[in-house]
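Here are the chains, one letter per residue:
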Amino acid sequence: MAALGWLTPRRRPATARSVLAGEASAEAARKSTQDVSDREPEFPVHGDDRAAAFFDLDNTVMQGAALFHFGRGLYKRKFFETRELMRFAWQQAWFRLAGVEDPEHMQEARDSALSIVQGHRVSELQSIGEEIYDEYMAERIWPGTRALAQAHLDAGQRVWLVTAAPVEIAQVIARRLGLTGALGTVAESVDGVYTGKLVGEPLHGPAKAEAVRALALAEELDLSRCAAYSDSHNDIPMLSLVGHPYAINPDAKLRKHARRMDWRLRDYRTGRKAAKVGIPAAAGVGAVAGGTAAAIALHRKRR
């Protein structure tokens, strides 16, 4: 039997190294179960009918500014002359290169658009808006942001565009993307004809936040469970309203603010970031160089 002694485990006192190994193993096991429970909760939450998503339009959902694309379509239909087109083109080129909204440019564009549509019927512009979407806007939708919006829709949540663009154009884009609806700048009309004036002011900056707040109240939404997406620091008031703010293709000021506030960031301009909401990554890289060069050439020719 003595020969079989080697089969019997010997009792040896635990060394410091073995104690350390045991404690490390236990800690790893405990941590692995914590990692499972501490993972980021499901978002968007399926079936939460008091949650919704609000998306800025220009440079968030779509490359460039909707108002400029709309102006290009109106020029094609001879609503205004070449001089106005060159101004639209230069403003659009600047917007793409700088990636931020210039208040003066945006005000000029709105004033031009109001003067152009004055005297035209609302129904006429709505019909033209459908055509302009197909011609200039459809191919400029960021696939990554579109996927984020679709994730909310798939979860059974409502999704609205919130933009300073004319509400008629915003509604066309929302409908084409299958979204719930759109909040946009309202141009005054009498008997279905545009007067060339606005109702109130453009839906920009703090006005967006007020529109979202009013809609949430009317729709009985809980803003702490809602999400908002924008590229511009001008929309910090809107982003600050919700429990899930996202900086999409952010300008420098918004990027800095988002990092300080620990907001989520997504950048689809170069494909550096991928959507992380349980859906396939989709990064839209726009071929904007040609359009920008053409706009700059037009500007130089004018000079």
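Residues numbered from 1 in each chain as written. Predicted model: local features only at pLDDT ≥ 70, side-chain atom pairs only at ≥ 80, totals over all residues. Heavy atoms only, no water.

(A) Highlighting the packing of aromatic side chains. Under the counting rule described, the total for this entry stands at four aromatic pairs. Centroid distance Phe43 to Tyr246: 6.1 Å. Interplanar angle 15 degrees. Geometry classified as stacked. Taken as a pair, Phe43 in the loop between α1 (16-38) and β1 (52-55) and Tyr246 in strand β7 (residues 244-248) lie far apart in primary sequence, 203 residues in all. Taking relative accessible area as the criterion, Phe43 reaches 11% and is therefore assigned buried. Following the ring pairs from residue to residue traces out a cluster consisting of Phe43, Phe55, Tyr229 and Tyr246. The ring of Phe43 carries Arg264 above its face, with NZ or CZ at 5.8 Å from the centroid. (Phe/Tyr/Trp six-rings, centres within 6.5 Å; stacked < 30°, edge-to-face > 60°. Helix = DSSP H or I, 4+ residues; strand = E, 2+ residues; numbered from the N terminus. Buried < 20%, exposed > 50% of the residue type's maximum accessible area, 1.4 Å probe, protein only. Lys NZ or Arg CZ within 6 Å of the ring centre and 35° of its normal.)

(B) Highlighting helix α5 (residues 122-137). The largest bend in α5 is about 30 degrees, located at Glu131. For α5, the full list of buried residues reads Val122, Leu125, Ile128, Gly129, Ile132, Tyr133, Tyr136 and Met137. (Bend = angle between axes of the 7 residues up to and from the residue.)

(C) Local environment of the environment of Arg158. For Arg158, the location among the structural elements is in strand β2 (residues 158-166). Distance from Arg158 to Gly181, taken between C-alpha atoms, is 8.5 Å for residues 23 residues apart in sequence. When near neighbours in sequence (up to four residues on either side) are disregarded, Arg158 contacts Asp49, Ala51, Ala52, Ala53, Thr180, Glu219 and Leu221. Reaching out from Arg158, the side chain makes a polar contact with the backbone oxygen of Asp49 at a distance of 2.8 Å. (Contact = heavy atoms within 4.5 Å. Polar contact = N/O pair within 3.5 Å; in protein donor to acceptor, adjacent residues only side chain to side chain.)

(D) A look at unusual backbone geometry. Unusually for a residue other than glycine, Lys78 sits at a positive phi of about 65 degrees. Even without a glycine there, the phi angle at Asn249 is positive, about 45 degrees. Among the structural elements, Asn249 can be located in the loop between β7 and α10 (252-261).

(E) Quick peek at the sheet that holds β2. Taken in spatial order, the six strands of this open sheet run β3-β2-β1-β6-β7-β8, and their pairing is parallel. Two strands bound the open sheet, and with one partner strand each, they are β3 (181-185) and β8 (264-266). Each neighbouring strand pair of the sheet contributes to a mean axis angle of 20 degrees, computed without reference to strand direction. Against the sheet, helix α7 (residues 167-176) engages β2 and β3, with an angle of about 145 degrees to β2. (Pairing = 2+ DSSP bridges. Axes fitted to C-alpha atoms, helices over the stretch in contact; angles between N-to-C directions.)

(F) Quick look at the nonpolar core. Ranked by internal contacts, the top residues of the largest apolar core, which has 43 residues, are Phe55, Leu57, Leu74, Met137, Leu161, Ile173 and Tyr229. Tallying contributions element by element places α5 first for this core, with seven residues. Here Phe55 is in contact with Val61, Thr145, Leu148, Ala149, His152, Val159, Trp160, Leu161, Val162 and Tyr229, once residues within four sequence places are set aside. Ranked by size, the runner-up nonpolar core spans 26 residues in total, among them Leu183, Ala211, Ala228 and Leu239. (Core = buried A, V, L, I, M, F, W, Y, C linked by side-chain atoms within 4.5 Å.)

(G) A look at the side chain of His257. With respect to the element layout, His257 can be found in helix α10. Within the structure, the side chain of His257 is placed 3.0 Å from the side chain of Arg260, a separation counted as a polar contact. Setting aside its immediate chain neighbours within four residues, His257 contacts Ile236 and Trp263.

(H) Inspection of the packing of helix α2 (residues 66-76) against α5 at higher detail. As a packed pair, α2 and α5 sit with axes 9 Å apart at the nearest point and diverge in direction by 105 degrees. Judged by the inter-axis angle, α2 sits roughly perpendicular to α5. Where α2 approaches α5, its residues Ala66, His69, Phe70, Arg72, Gly73, Leu74 and Lys76 are matched on the opposing element by Leu125, Ile128, Gly129, Ile132, Glu135, Tyr136 and Met137. Class assignment for the residues of the contact of α2 with α5 results in eight nonpolar, three polar and three charged. (Parallel < 35°, antiparallel > 145°, perpendicular 65-115°, else oblique. Nonpolar A, V, L, I, M, F, W, Y, C, P; charged D, E, K, R; others polar.)

(I) Representation of the pairing of strand β4 (residues 187-190) in the model. Here three bridges tie β4 to strand β5 (residues 193-198), and the two strands are oriented antiparallel to one another. Looking at the pairing, Val190 lines up with Val193 of β5. Here β4 hands over to β5 after two residues, with Asp191 in that stretch at a positive phi of 55 degrees.

(J) Structural context of α7. A large share of α7 lies buried, amounting to seven of its ten residues. Residues Val167, Glu168, Ile169, Ala170, Val172, Ile173 and Ala174 constitute the buried set of α7. Residues of α7 that are buried make contact with α2, α5, β2, β3 and β5. Backbone geometry just downstream of α7 places Gly178 in the positive-phi region, at approximately 75 degrees.

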